[in-house]
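Overview (structure and organization)
Spelled out, the chains give:
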Amino acid sequence: MNSFFPPKGVYEYRALTCTGASQPKRVLIIGFGGGYSTLFYKSIPDVEKIVVVELLGDIAPFLSRNLDSARVTLDDPAPHVHCG
């Protein structure tokens with residue numbers, strides 16, 4: 001249920017409800033992974049800034065070429081992704 005892109009599974013809907021209740025303005029994500037967390041937080045109203053810190057400096061181009069979720073996230077100028 002949660003393996004589709006874009007993610008629209010049960011987990012995402014439940015997490016959106018919880019996150020909407022806490023109303024975060026800034027989000028720090030440690031570890032880019034496949035970009036799903038960043039994609040999820042971008043869907044939350046009122047999130048003003050997302051900072052992603054990834055220690056593997058060369059991973060972003062690889063993921064962008066191979067994962068739709070990463071490509072969508074990395075092509076968007078809104079989240080700031082810092083690799084390396």
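Counting secondary structure elements, the protein contains four helices and three strands. Along the chain direction, N to C, the helices and strands of the protein fall in the order α-β-α-β-α-α-β. In the protein, buried positions account for 30% of the 84 residues. Of the contacts made within the protein by residues no fewer than 6 positions apart, 53% connect residues no fewer than 24 positions apart. By element, 58% of the accessible surface of the protein is carried by carbon and sulfur atoms, the whole surface being about 5600 Å².

Moving on to the packing of helix α3 (residues 59-66) against helix α4 (residues 68-75). It is at 6 Å that the axes of α3 and α4 come closest, and there the two elements cross at 120 degrees. Here α4 runs oblique to α3, going by the angle between their axes. Crossing of α3 over α4 shows left-handed handedness. Judged by residue contacts, Ala60, Leu63, Ser64, Arg65 and Asn66 of α3 engage Asp68, Ala70, Arg71 and Leu74 from α4. Class assignment of the residues belonging to the contact of α3 with α4 gives a composition of four nonpolar, two polar and three charged.

Mapped onto the fold, Ser64 is located in helix α3. Given a relative accessible area of 18%, Ser64 falls into the buried group. The residues touching Ser64, leaving out its near neighbours within four places in the chain, are Ala70, Arg71 and Leu74.

Let us look at the pattern of salt bridges. Tallied over the full model, the rule gives one salt bridge. The salt bridge involving Asp68 is made with Arg71; its shortest N-O contact spans 2.6 Å. Residue Asp68 and its partner Arg71 are located together in helix α4, separated by three residues, close to a single helical turn. The partly exposed category is assigned to Asp68, whose relative accessible area is 43%.

Here we come to the nonpolar core. Among the nonpolar cores identified, the biggest contains 11 residues, and these are Ala15, Val27, Ile29, Phe32, Phe40, Ile44, Val47, Ile50, Val52, Leu63 and Ala70. Contributing elements (two or more residues each) for this core: β1 (26-30) and β2 (49-54).

What follows concerns the side chain of Glu54. Structurally, Glu54 is set in strand β2. No salt bridge is formed by the buried Glu54; its nearest oppositely charged neighbour, Arg65, is found at 14 Å. Separated by 2.7 Å, the side chain of Glu54 and the backbone nitrogen of Phe32 make a polar contact. One polar contact links the side chain of Glu54 to the main-chain amide nitrogen of Leu56, over a distance of 3.1 Å.

Calculation rules
- Residues numbered from 1 in each chain as written.
- Predicted model: local features only at pLDDT ≥ 70, side-chain atom pairs only at ≥ 80, totals over all residues.
- Heavy atoms only, no water.
- Helix = DSSP H or I, 4+ residues; strand = E, 2+ residues; numbered from the N terminus.
- Buried < 20%, exposed > 50% of the residue type's maximum accessible area, 1.4 Å probe, protein only.
- Contact = heavy atoms within 4.5 Å.
- Areas by Shrake-Rupley, 256 points an atom, 1.4 Å probe, with all protein chains shown as cover.
- Axes fitted to C-alpha atoms, helices over the stretch in contact; angles between N-to-C directions.
- Parallel < 35°, antiparallel > 145°, perpendicular 65-115°, else oblique.
- Left-handed = near helix turned anticlockwise from the far one by under 90°.
- Nonpolar A, V, L, I, M, F, W, Y, C, P; charged D, E, K, R; others polar.
- Salt bridge = Lys/Arg side-chain N within 4 Å of Asp/Glu carboxyl O.
- Core = buried A, V, L, I, M, F, W, Y, C linked by side-chain atoms within 4.5 Å.
- Lys, Arg positive; Asp, Glu negative; His and termini not counted.
- Polar contact = N/O pair within 3.5 Å; in protein donor to acceptor, adjacent residues only side chain to side chain.

It is worth stressing that arrangement in space is one thing and function is another; only the former is reported here.
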